[in-house]
Amino acid sequence: MSLGFRISGRIGKPVAEVFDAVVNPTKLSGYFTTIGGASAPLVTGTTVTWWKTVPVEVDEVTKDKRIVLRWDATDADGKPTYKTSIEMNFEPLDDGGTFVTIAEQGWHEGEVGLKKSYLNCEGWSQMLACMKAYLEYGINLRDGYYRSELKGEPANESNV
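Residues numbered from 1 in each chain as written. Predicted model: local features only at pLDDT ≥ 70, side-chain atom pairs only at ≥ 80, totals over all residues. Heavy atoms only, no water.

- Looking at an unreviewed UniProt entry, the protein chain carries the name ATPase, with the source organism given as Mesorhizobium hawassense.
- Per UniProt, the protein chain carries the Sequence similarities (unreviewed entry) text "Belongs to the AHA1 family." (UniProt positions renumbered as here; feature names shortened; annotations may be inferred.)

Structure (structure tokens):
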């Protein structure tokens, strides 16, 4: 068995706009990958870089519905040892909004995997809140959110 989590929330914008805010590197950089940006659009079969240092493998992009990504999970020393899988689903709502669900799974059981899964759960929850603020109100909540970002450094497990 591996460790994982699922978070979700409603964004008051149409599904096409919410989906585009994730696949479009300019928009993603406006609220999530604010330091270092995103290197390219999310396209099935490609690898993009977030924050100038994090490779993200794009396994599936189904327009306005689903995105599946993989990226490195690290051991206690911060060395990549295996990959976790991220699944994002976008559901149009009757009120014109979008219900977004983000799940990440695949951490190895144990103290290190548990700690790192909790850290990523925090990160994805924060990403969803930032996306809501960005799309609904034009606000970048990420600006100054983490101590690291006040220094101009992307957030990671050692500097948040």
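There's more to say after this.
## Description of the layout of surface pockets
Step number 1: Roughly 790 Å³ of volume is contained in the largest pocket.
Step number 2: Contributing to the lining of the largest pocket are 27 residues, with Val54, Asn120, Ala155, Asn156 and Glu157 lying nearest its centre.
Step number 3: Mapped by element, the contributors of at least two residues to the lining of the largest pocket are β3 (54–62), β4 (66–74), β5 (80–92) and α3 (111–137).
Step number 4: For the lining of the largest pocket, the element with the most residues is α3, which contributes seven residues.
Step number 5: Here the residues of the lining of the largest pocket sort into 14 nonpolar, eight polar and five charged. (1 Å grid on protein atoms, 1.4 Å probe; cavity = no way out; pocket = protein on both sides within 12 Å on 5 of 7 lines; lining within 4 Å. Points joined across faces, edges and corners; volume = space filled by probe spheres on them. Helix = DSSP H or I, 4+ residues; strand = E, 2+ residues; numbered from the N terminus. Nonpolar A, V, L, I, M, F, W, Y, C, P; charged D, E, K, R; others polar.)

## So, the nonpolar core
Step number 1: Counting 37 residues, the largest nonpolar core has Trp50, Met88, Trp124, Met127 and Met131 as its most contacted members.
Step number 2: Counting residues per element, the ones that place at least two in this core are β1 (3–11), α1 (15–23), β2 (47–50), β3, β4, β5, β6 (98–107) and α3. (Core = buried A, V, L, I, M, F, W, Y, C linked by side-chain atoms within 4.5 Å. Buried < 20%, exposed > 50% of the residue type's maximum accessible area, 1.4 Å probe, protein only.)

## Regarding the pattern of salt bridges
Step number 1: Across all of its chains, the model carries ten salt bridges by this definition.
Step number 2: Arg10 is paired through a salt bridge with Asp95; the nearest N and O atoms lie 3.0 Å apart. Separated by 85 residues along the polypeptide, Arg10 in strand β1 and Asp95 in the loop between β5 and β6 bring together distant segments of the chain.
Step number 3: The residue Lys83 makes a salt bridge to Glu57 at a minimum N-O spacing of 3.2 Å. A residue pair is termed long-range when its members are at least 10 positions apart, and Lys83 in strand β5 and Glu57 in strand β3 qualify at 26 residues.
Step number 4: By relative accessible area, Lys83 is classed as partly exposed at 33%. (Salt bridge = Lys/Arg side-chain N within 4 Å of Asp/Glu carboxyl O.)

## Some words on the packing of aromatic side chains
Step number 1: Enumeration according to the criterion identifies ten aromatic pairs in this entry.
Step number 2: Both rings, one in Phe5 and one in Trp107, keep their centres 5.8 Å apart while their planes meet at 25°; by these two values the pair is stacked. Of this pair, Phe5 sits in strand β1 while Trp107 sits in strand β6, and the two are 102 residues apart along the sequence.
Step number 3: Owing to a relative accessible area of 14%, Phe5 belongs among the buried residues under this scheme. (Phe/Tyr/Trp six-rings, centres within 6.5 Å; stacked < 30°, edge-to-face > 60°.)

## Describing the sheet that holds β5
Step number 1: In spatial order, the strands read β1-β6-β5-β4-β3-β2; together these six strands make up an open sheet with antiparallel pairing. Across the chains shown, the open sheet's two edge strands, defined by having one partner strand only, are β1 and β2. Here the strands of the sheet are splayed against their neighbours by 25° on average, with no regard to which way each runs.
Step number 2: As judged from the nine bridges shared by β1 and β6, these two strands associate in the antiparallel manner. For Ile11, the partnering residue across the bridge sits in β6 and is Thr98.
Step number 3: Against the sheet, α1 makes contact with β1, β3, β4, β5 and β6, and its axis sits at roughly 160° relative to β5, the strand it touches most. (Pairing = 2+ DSSP bridges. Axes fitted to C-alpha atoms, helices over the stretch in contact; angles between N-to-C directions. Contact = heavy atoms within 4.5 Å.)

## A word on the UniProt feature "domain: Activator of Hsp90 ATPase homologue 1/2-like C-terminal" (unreviewed entry) in the protein chain
Step number 1: The sites that carry the UniProt feature "domain: Activator of Hsp90 ATPase homologue 1/2-like C-terminal" (unreviewed entry) are, in the present numbering, residues 14–136.
Step number 2: Measuring from the first to the last C-alpha atom of residues 14–136 gives 11 Å, for a span that is 32% helix and 37% strand.

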